[in-house]
Each structure stands twice: as C-alpha cells, then as structure tokens.
Amino acid sequence: MSLSEDIKSDVQGVLDTPWSIRKGQVVPSTTNVSLAGGAVELDATFLYADLADSSKMAKELDRRVAAKIMKSFLATSCRLIKSQGGTIQSFDGDRVMGVFVGNSKNSDAARCALHINYVVNDLIKTKFENKYESVRNASFGIRHGVGVDTGTVLTVRAGARGSNDLIWIGRAPNLAAKLSDLRESPHHTFITASVYNMLSDRSKYGGQNNENMWERRNWNFLGDSIRVYRSNWQWAP
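Notes on the structure follow. What you see as residue numbers is a count from 1 along each chain, following the sequence as written. Side-chain atom pairs in this predicted model are given and counted only at pLDDT of 80 or more, local residue features only at pLDDT of at least 70, and totals for whole chains, interfaces and linings cover all residues. Side-chain measures were taken over the full set of non-hydrogen atoms in the model, leaving aside hydrogen atoms and water.

### Some points on the overall build of the chain
Line of reasoning, step 1. Broken down by element type, the chain carries 8 helices and 11 strands.
Line of reasoning, step 2. The reference for a compact globule is 2.2 Å times residues^0.38; the radius of gyration itself is calculated from the C-alpha atoms. The C-alpha radius of gyration of the chain comes to 20 Å, within 12% of the 18 Å expected for a compact globule of 237 residues.
Line of reasoning, step 3. For the chain, the spread of C-alpha atoms along the three principal axes comes to 60 × 45 × 35 Å.
Line of reasoning, step 4. Residue exposure (1.4 Å probe, protein chains only): buried if accessible area is under 20% of the type maximum, exposed if over 50%, otherwise partly exposed. A buried classification covers 45% of the 237 residues belonging to the chain.
Line of reasoning, step 5. By the convention used here, residues are in contact when the closest approach between their heavy atoms is within 4.5 Å. When contacts within the chain are restricted to residue pairs at least 6 apart in sequence, long-range pairs at least 24 apart make up 64% of them.
Line of reasoning, step 6. Surface accessibility follows the Shrake-Rupley procedure with a 1.4 Å probe radius. Residue values consider only the protein chains on display as shielding. With the model as given, the accessible surface of the chain reaches about 12700 Å², and the carbon-plus-sulfur share is 47%. Helix numbering and strand numbering both begin at the N terminus, where a helix is a DSSP run of H or I of at least 4 residues and a strand a DSSP run of E of at least 2.

Below is the structure:
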C-alpha cells in the first residue's frame, strides 16, 4: 500500500472501531489499554509543573547550564510527584504531568505543588544563582508554574503500532496545563475550585496561625469565568 492509502486506512479504522470502555481505579499504562478501541474512564487529579522562561534560558545561558536547570526541575518535580502517590505520565519539553487517584488525590496533588514551589525557590534558584554569574545576571529569574485540576477523563491509546502512548480526554488535564502557564509571581501554584473544595485541612491551612494558604480569584477559560485558587506558600518536603 502507498503512504496515502495507509493514512486513509488509519482514519477509516478509527472511525469503524467501536469503543470498549471500562472503569478504572488505578492509572493505566499503555500495556493494559488496547490500541484498537480500548479506553479507560478514570476519576483523577492532574498536576502540570512547568518551568518558565525556558526560551530565554536557551538564548541567554550556556546550553549546558540551561540543560542543568531543566534537568534539576524535572528530576525534583518527578521525585515529589511520586512521593505524594502520583504517577508520572508524560513530559513535554520543560513540563511534566503527574496523575493522582484515590480518596486523597486532591490534597496529595496540592501538597505536591507547594513542595515544588519550595524546591524551585529555595533550592534550585538559590544554588544556580550562587554557582553561575550568568544565571544571577540573566534578564529572567528561575521561575515555574503548577496547575492542578480534577475530574473524569477518558484515557485512550493513540498513535501507530510500535509508536504510541496514552492520551487523556477531558477538562482536567487541559485546564491544569493552562493554569501552569499563569505567571503571577509570587503566586506560582493554581488549583481549581473543584480541587480546593476537596482539600483536607492539612493541605488547606498552614503556618503557626493556621492560615488559609489559598487565595480565591476568577479566571477566564474558553470564554467561561471559573473560580480558581492561587498560593504563594512553600512547603518543605
């Protein structure tokens, strides 16, 4: 078959194959979701951690220094996601996505986001500025954003045989990714009201005076005004 015929066959095959959807209790992997019509419906909380100004890093810094900053951010974010019970699901350049399930998924993800805030500001930023004059004098500072949303998604396996991965269909992963793009320093953590309303007190209040760590605000998403909560709190892991 020619390439054109192969492509037409791919599209027609997707159109003609019925979905075989099952309910999931754990984060699926590619090995247990069929490429041909397989799908898992999952209630999950999604965390996106995104390193800001990566384009400026690549332009202004030695590539070896920029690479070390990105590797440090991704390595520590992944370690923190896993420490709070999340599953590392995908990377997109300087961004990582974690998926949390279970009864405490929202509190776990929110706490993880505040851990990441601490690590970026008190460890990564400090250590790199101390070591490299180019980082201290750059036109940008080492910053990040974390977005968290929760909801029901459809998880399907997409791509070609031998080269495929899971994709997540639903509001939560998309909105979490958009929230991670917000730059409202010193607020680097954004969660939706759906997440906030399910937080345990330990993930909602902090400090000696047991203060609310989250500040409410409205934000426009695809033409709709939605309620989100932002935080500038840091939580040492």
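On we go from here.
### Concerning the nonpolar core
Line of reasoning, step 1. Leu47, Ile69, Ile116, Ile142 and Trp214 are the most contacted members of the largest nonpolar core, which has 41 residues in total.
Line of reasoning, step 2. When residues in this core are grouped by element, the largest group, 10 residues, is from helix α4 (residues 105-131).
Line of reasoning, step 3. Here, the term nonpolar core denotes a set of buried Ala, Val, Leu, Ile, Met, Phe, Trp, Tyr and Cys residues that are joined through side-chain atoms within 4.5 Å. With 15 residues, the next largest nonpolar core counts Val40, Leu42, Phe46 and Ala176 among its residues.

### Points about the side chain of Lys105
Line of reasoning, step 1. With respect to the helices, strands and loops of the structure, Lys105 is situated in helix α4.
Line of reasoning, step 2. Among buried Asp, Glu, Lys and Arg side chains, Lys105 stands out as unpaired, with Asp43 the closest opposite charge at 6.3 Å.
Line of reasoning, step 3. Residues within four places of Lys105 in sequence aside, it is in contact with Asp43, Ala44, Thr45, Phe100 and Thr150. The charge count treats Lys and Arg as positive and Asp and Glu as negative. His and the chain ends do not count. Whenever a carboxyl oxygen of Asp or Glu lies within 4 Å of a side-chain nitrogen of Lys or Arg, that contact is scored as a salt bridge.

### Details of the environment of Tyr48
Line of reasoning, step 1. Position of Tyr48 relative to the elements: it lies in strand β2 (residues 38-51).
Line of reasoning, step 2. Classification of Tyr48 by relative accessible area gives buried; the value is 13%.
Line of reasoning, step 3. Residue contacts for Tyr48: discarding those within four places in its chain leaves Arg95, Val96, Met97, Gly145, Val146, Gly147, Pro173, Ala176, Ala177 and Ser180.

### Points about the pattern of salt bridges
Line of reasoning, step 1. In total, this model carries 12 salt bridges according to the counting rule given.
Line of reasoning, step 2. One salt bridge in this structure joins Asp53 and Arg143, with 3.0 Å as the shortest N-O distance. Within this pair, whereas Asp53 is found in the loop between β2 and α2 (54-60), its partner Arg143 is found in the loop between α5 (133-136) and β5 (144-160), the two being separated by 90 residues in sequence.
Line of reasoning, step 3. Linking Lys125 and Glu129 is a salt bridge whose minimum nitrogen-to-oxygen distance equals 3.0 Å. In this pair, Lys125 and Glu129 are both assigned in helix α4, 4 residues apart and thus about one turn of the helix distant.
Line of reasoning, step 4. One connected set of salt bridges, linked through shared partners, spans Asp50, Arg95, Asp181 and Arg183.

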